Amino acid sequence: MATPTTLAKAEDRVPATGHAARLAHVSKSFGGPAGGQLVLDDISLDVAPGEFVTLLGASGCGKSTLLNLVAGLDRPSAGSIETPGGRPALMFQEHALFPWLTAGKNVELALKLRGLPKAERRPEAERLLELVRLGGSYGKRVHELSGGMRQRVALARALAQASDLLLMDEPFAALDAITRDVLHDELTRIWRETNLSVLFVTHNVREAVRLAQRVVLLSSRPGRIAREWTIDIPQPRRIEDAAVAELSVEITEELRGEIRRHGQH
Ligand SMILES: Nc1ncnc2c1ncn2[C@@H]1O[C@H](COP(=O)(O)OP(=O)(O)OP(=O)(O)O)[C@@H](O)[C@H]1O
Ligand SMILES: [Mg+2]
């Protein structure tokens, strides 16, 4: 499949640009050309290589829409999106694993799609399950796994894509607080051990502050970047750290202001 054209394109993709994702003046409307609903308005945002950014906003403000655009699942109505490292990996709130496959085979499927030779798939799937602390669960079926374990498999599968940008859409929202807390630790560890850039969507302020180097707050109707914060609280953080709590209070105030301005939540 490697044609001279793809080689030339590969050269273009060398990340000399210094960003894992670049959104420039991105807008998105749904519906008819005239009476459409403007969901995202003039979003410009860079994610640096290795950076962890959380996008925070009220329900319905367009977070998933934005993530889908970055994932290439939909196209912006205006503006441009670059992901110089190629197609990003994507992880959703629901694990979206294939229930008829084992944990290991779910991961292997992503490795197959990536083009990894057959003989290398099983050891690599086992390594990735080890990385998310599910060593020994290779042969387990999805229904035998807890919600937290399923999200671990989903994370291993996302990592199997070997993309340098991981997009996460409220991946831990359905989990209980303790399981979520453990997975925050795991995600932070994996992020620090790899060179992954992460764009993580949530409406949970504490989670945003717990995880990110930068929190970007979206306004609602339409979604615009309202404010952003650089978080320099040292990692590993705990969700109950005083510094995390303090900044969360400040950000929650801003978020409340956004919701008041736009109502209906
Ligand atoms: N394919 C679509 N067609 C029409 N409208 C859509 C489509 N996708 C999203 N919308 C609308 O865009 C707006 C933003 O939706 P989106 O799912 O991006 O919000 P969100 O911030 O992810 O919300 P939540 O926190 O509840 O997940 C909503 O008003 C939604 O109805
Ligand atoms: Mg959403």
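Here the structure is a predicted model, which means the values were calculated and not measured. (Residues numbered from 1 in each chain as written. Chains lettered and ligands numbered in written order. Predicted model: local features only at pLDDT ≥ 70, side-chain atom pairs only at ≥ 80, totals over all residues. Heavy atoms only, no water.)

Quick look at the overall build of the protein chain now. Secondary structure summary: the protein chain contains 8 helices and 9 strands in total. A compact globule built from 265 residues should have a C-alpha radius of gyration of about 18 Å, and the protein chain, at 19 Å, falls within 12% of that. Taken over the C-alpha atoms alone, the protein chain extends approximately 55 × 50 × 35 Å along its principal axes. Taking all 265 residues of the protein chain together, the buried fraction comes to 47%. Total accessible area on the protein chain stands at roughly 13,100 Å², and carbon and sulfur atoms take up 53% of it. Side-chain charges of the protein chain comprise 34 positive and 33 negative groups, with the mean position of each set lying 5 Å from the other. (Helix = DSSP H or I, 4+ residues; strand = E, 2+ residues; numbered from the N terminus. Rg over C-alpha atoms; globule rule 2.2 N^0.38 Å. Buried < 20%, exposed > 50% of the residue type's maximum accessible area, 1.4 Å probe, protein only. Areas by Shrake-Rupley, 256 points an atom, 1.4 Å probe, with all protein chains shown as cover. Lys, Arg positive; Asp, Glu negative; His and termini not counted. Charge placed at Lys NZ, Arg CZ, Asp CG, Glu CD.)

Take the site of ligand 1 next. Taken together, 13 residues surround ligand 1, and among them Ser 59, Gly 60, Lys 63, Ser 64 and Thr 65 come closest. Measuring from an oxygen atom of ligand 1, one finds a side-chain N or O atom of Lys 63 at 2.7 Å. In this structure, Thr 65 approaches ligand 1 through a side-chain N or O atom, which is 2.5 Å from an oxygen atom. For ligand 1, whose free accessible area comes to 630 Å², the fraction covered by protein is 57%. At the level of secondary structure, the elements contributing two or more residues to the shell around ligand 1 comprise strand 2 (37-47) and helix 2 (63-71). (Near = heavy atom within 4 Å. Polar contact = N/O pair within 3.5 Å; in protein donor to acceptor, adjacent residues only side chain to side chain.)

Before going further, it helps to examine helix 5 (residues 147-160). Here helix 5 is 14 residues long and its end C-alpha atoms lie 20 Å apart, about the 20 Å a rise of 1.5 Å per residue gives. Most of helix 5 sits out of view: 11 of its 14 residues are buried. All of the buried residues along helix 5 are Gly 148, Gln 151, Arg 152, Val 153, Ala 154, Leu 155, Ala 156, Arg 157, Ala 158, Leu 159 and Ala 160. In this fold, the buried residues of helix 5 make contact with strand 5 (89-91), helix 3 (103-114), helix 4 (118-131), strand 6 (165-169) and helix 6 (177-193). Positive phi shows up at Ala 162, right after helix 5, with a value of about 55°. (Expected span 1.5 Å × (residues − 1). Contact = heavy atoms within 4.5 Å.)

This next bit is on the pattern of salt bridges. Considering all chains together, one arrives at 19 salt bridges under this definition. The shortest N-O distance in the salt bridge between Glu 186 and Arg 133 comes to 2.9 Å. Taken as a pair, Glu 186 in helix 6 and Arg 133 in the loop between helix 4 and helix 5 lie far apart in primary sequence, 53 residues in all. With a shortest N-O distance of 3.3 Å, Arg 238 and Asp 185 are connected by a salt bridge. Taken together, the residues span a long stretch of sequence, with Arg 238 in the loop between strand 9 (225-230) and helix 8 (242-262) and Asp 185 in helix 6 at a distance of 53 residues. (Salt bridge = Lys/Arg side-chain N within 4 Å of Asp/Glu carboxyl O.)

Turning next to the pairing of strand 3 (residues 52-56). Each regular strand displays side chains that alternate between the two surfaces of the sheet. In terms of burial, strand 3 is largely enclosed, as 5 of its 5 residues are buried. Pairing of strand 3 with strand 7 (residues 197-202), which is carried by 5 bridges, proceeds in the parallel orientation. Its bridge partner being in strand 7, Leu 55 is matched across the sheet by Val 201. With 4 bridges connecting them, strand 3 and strand 8 (residues 214-218) associate as parallel partners. (Pairing = 2+ DSSP bridges.)

Turning our attention to the nonpolar core. By size, the foremost hydrophobic cluster in this structure holds 51 residues, and its most contacted members are Val 107 and Met 168. By residue number, the principal contributor to this core is helix 5, which donates 7 residues. The residue makeup of this core includes at least three contributed by each of domain 1 (30-88 + 164-265) and domain 2 (95-162). Counting residues in hydrophobic clusters, the runner-up holds 24 residues, among them Val 39, Leu 45, Val 47 and Leu 66. (Core = buried A, V, L, I, M, F, W, Y, C linked by side-chain atoms within 4.5 Å. Domains from an automatic or database assignment.)

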